[in-house]
Amino acid sequence: MPDIKLGGNLSQTESTPTEENDSHIFQEEALPVEEELKTETDDNLIEEDPNKIVVTISDNKTPLVVLFGPPACGKTMSLIRLARYLRCKNYVIQPDESFRPSSDPQYKAICKNFDSMIDNPDAANSTSRISFMLASVLYKGNTLCKILEAPGEHYFDYKHPEAEFPRYVQTIINQPNRKIWLIMVEPVNTNIIEYNSRIQYARKISKLKKRLLPRDKVIFVFNKIDTTEFVSGTSINYRATREETKNQYPNIFTPFENMNPITKWWRPFNCDFVAFQTGNYTETFDGTLTFTPSSDIYPKRLWELILKRIRG
Ligand SMILES: Nc1nc2c(ncn2[C@@H]2O[C@H](COP(=O)(O)OP(=O)(O)OP(=O)(O)O)[C@@H](O)[C@H]2O)c(=O)[nH]1
Ligand SMILES: [Mg+2]
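K.L.:
Tell me about the overall build of the chain, and name the residues and values.
P.N.:
In terms of helices and strands, the chain carries nine helices and eleven strands. When burial is assessed residue by residue, the chain has 39% of its 312 residues classed as buried.

K.L.:
Break down the pairing of strand S11 (residues 289–293) for me, with residues and values.
P.N.:
In this sheet, S11 lies alongside strand S10 (residues 279–283) in antiparallel orientation, the contact comprising five bridges. Residue pairing across strands places Tyr281 opposite Phe291, the latter belonging to S11. Linkage of S10 to S11, two consecutive antiparallel strands, is achieved through a turn of five residues, within which Gly287 is found at a positive phi near 85°.

K.L.:
An account of the nonpolar core is requested, with residue identities and associated values reported.
P.N.:
In this structure, Leu182, Ile183, Ile219, Phe220 and Val221 are the most contacted members of the largest nonpolar core, which totals 66 residues. The greatest single-element share of this core, amounting to seven residues, is contributed by helix H3 (residues 75–88).

K.L.:
Report on unusual backbone geometry, specifying residues and quantitative values.
P.N.:
Although it is not a glycine, Asn90 sits at a positive phi angle of roughly 70°. Note on placement: Asn90 falls in the loop between H3 and strand S2 (92–95). On the basis of neighbour counts, which here come to 8 C-beta atoms within 10 Å, the residue Asn90 falls in the exposed class. Backbone geometry places Lys140, a non-glycine residue, at a positive phi of 50°. Inspection of the secondary structure assignment puts Lys140 in the loop between strand S3 (133–139) and strand S4 (142–149).

K.L.:
Account for the packing of H3 against helix H9 (residues 297–311), with residues named and values stated.
P.N.:
Axis separation between H3 and H9 bottoms out at 9 Å; the angle between their running directions is 90°. In terms of axis orientation, H3 runs roughly perpendicular to H9. Across the interface between the two elements, Arg81, Leu82, Tyr85 and Leu86 of H3 pack against Pro299, Lys300, Leu302 and Trp303 of H9. Across the contact of H3 with H9, the residue classes tally to six nonpolar, no polar and two charged.

K.L.:
Give a description of the sheet that holds strand S1 (residues 64–68) that names residues and reports values.
P.N.:
Strand order in the open sheet formed by seven strands is S2-S3-S4-S1-S5-S6-S9, with mixed pairing between adjacent strands. One side of each edge strand has no neighbouring strand; the edge strands of this open sheet are S2 and strand S9 (272–275). Neighbour-to-neighbour, the strand axes of the sheet open up by a mean angle of 25°, direction not taken into account. Pairing analysis gives four bridges linking S2 to S3, with the strands arranged antiparallel. When the bridges of S3 are listed, Pro95 appears paired with Ala135.

K.L.:
Tell me about the confidence of the model for the chain, and please be specific about residues and values.
P.N.:
Here the chain averages 84 in pLDDT, while 82% of its residues score no lower than 70. Across residues 1–9 the pLDDT falls below 50, and counting only partners more than four positions away or on other chains, this stretch makes 37 contacts in the model. Taken together, the stretch residues 11–46 has pLDDT below 50 and engages in 45 contacts with residues farther than four places along the chain or on a different chain.

Conventions and cut-offs
- Residues numbered from 1 in each chain as written.
- Chains lettered and ligands numbered in written order.
- Predicted model: local features only at pLDDT ≥ 70, side-chain atom pairs only at ≥ 80, totals over all residues.
- Helix = DSSP H or I, 4+ residues; strand = E, 2+ residues; numbered from the N terminus.
- Buried ≥ 20, exposed ≤ 12 C-beta atoms within 10 Å, placed from the backbone.
- Pairing = 2+ DSSP bridges.
- Core = buried A, V, L, I, M, F, W, Y, C linked by C-beta atoms within 7 Å.
- Axes fitted to C-alpha atoms, helices over the stretch in contact; angles between N-to-C directions.
- Parallel < 35°, antiparallel > 145°, perpendicular 65-115°, else oblique.
- Contact = placed C-beta atoms within 7 Å.
- Nonpolar A, V, L, I, M, F, W, Y, C, P; charged D, E, K, R; others polar.
- pLDDT = per-residue confidence, 0-100.

Take a look at the structure:
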């Protein structure tokens, strides 16, 4: 296992590695994922207005892990990478079918094809097909958490940076379940949002922070670390990665400053910070993007942090 340094909360100067009417669609012999979803999207069954999206969280206790970030920062691929890792470690990761109304055939199709999408080497090409998903993580029959993956525009739309969260996001924010917010950031060279938009993204996070319940936890996930100079061989320069995040997303950590005069000395921020890579992406001659999963060290460290924050 490479000796990569990952994770740690911001307090550490250098972290240690430590069926209904549409039933015929689903009873037919399975079409390839792409074809199946295409058939349904052609029927205009996709909900275009995020404010009309209805979600159901089936219980008030299971912690919710929310992949929160702007478009293209890597939320879907993070879910895919985590899912692959967890399956190798004997966890069960499966779609929560009750999340969307049974009248939503697109969600049904995504659920039905979840496994093949996770295992597909062309996963990077299918991210738009897993654009909205609640996946349960189980171990030995117990549900540990549910991971929410949704389109980035619903969290931060750089064309409408001041827009309120859609209704279903508000529902999730107000759910009594503990939430682990995975707030995604990425290097400036891969970032589709400009400096001013990053300032606005930081403001949106600040707005979110005001709404969090006391039990909620925040983990900043710096994705695409592979494209930076902060990773060298097997180690990550966490100090530089955090500094870069502070510079590129001004005031992003400010709402998380620990105001407690005593504990702030060893925990200056009430949040964690972890570097992440979902994988390597190579474009083939026909333009297909192939995906090679990153080292296990990344999902391992992220998963350990999630577990820690689920527990307390
Ligand atoms: N170099 C590098 N590129 C990455 C990494 N993770 C994601 N990407 C790239 O980012 C693209 C977008 O990833 P997605 O997971 O689809 O992003 P998303 O946040 O789900 O985007 P929306 O669904 O539009 O909100 C991928 O197709 C990859 O090209 C990473 O760890 N390293
Ligand atoms: Mg996505």
